[in-house]
Amino acid sequence: MSHTIFKASGQSEKFSEQKFRESIKTSCLAVGAPEAEAELCAQQVFKQIAKWIANKPEFTSSDLRLHTYQILTVFNPEAAFFYRTCKQII
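These numbers come from a predicted model, not from an experiment.

Asker: Hey, could you run me through the packing of helix H1 (residues 17-30) against helix H2 (residues 35-53) in this one?
Answerer: The axes of two packed helices give the description: the angle between them and the distance between them. For the pair H1 and H2, the least separation of the axes is 8 Å and the interaxial angle reads 135°. As summarised for this structure, H1 and H2 are arranged oblique, according to the angle between their axes. The two elements H1 and H2 cross, and the hand of that crossing is right-handed. Counting all contacts with H1, which are made through Glu17, Phe20, Arg21, Ile24, Lys25, Cys28 and Leu29, the residues of H2 involved are Glu35, Ala38, Glu39, Cys41, Ala42, Gln43, Val45, Phe46 and Ile49. Grouping the amino acids of the contact of H1 with H2 by side-chain chemistry returns 10 nonpolar, 1 polar and 5 charged.

Structure representation (structure tokens):
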């Protein structure tokens, strides 16, 4: 299923799993996680997000960011804080 994400700017785009995973990985690396740990964290967070979006053909970037933050907090609280506060970077 294809998913559409609506940005705060009003634009929409197709949800990209690769872009999403990279944002999680970048957050983990930014707080000092080793490469392998960052990759594993991105996989685990995406698994949970994939369940959340499974029946959602569209959703907002704000909702995605909030759910991602909540999930990421379980795996790496520092990366979750970075992800939440540095959205212009990732």
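Picking up where we left off.
Asker: Would you mind showing me how to read the environment of Thr73 here?
Answerer: You can see Thr73 is positioned in helix H3 (residues 61-75). Separated by 10 residues in sequence, Thr73 and Tyr83 place their C-alpha atoms 9.8 Å apart.

Conventions used here
Residues numbered from 1 in each chain as written. Predicted model: local features only at pLDDT ≥ 70, side-chain atom pairs only at ≥ 80, totals over all residues. Heavy atoms only, no water. Axes fitted to C-alpha atoms, helices over the stretch in contact; angles between N-to-C directions. Helix = DSSP H or I, 4+ residues; strand = E, 2+ residues; numbered from the N terminus. Parallel < 35°, antiparallel > 145°, perpendicular 65-115°, else oblique. Left-handed = near helix turned anticlockwise from the far one by under 90°. Contact = heavy atoms within 4.5 Å. Nonpolar A, V, L, I, M, F, W, Y, C, P; charged D, E, K, R; others polar.

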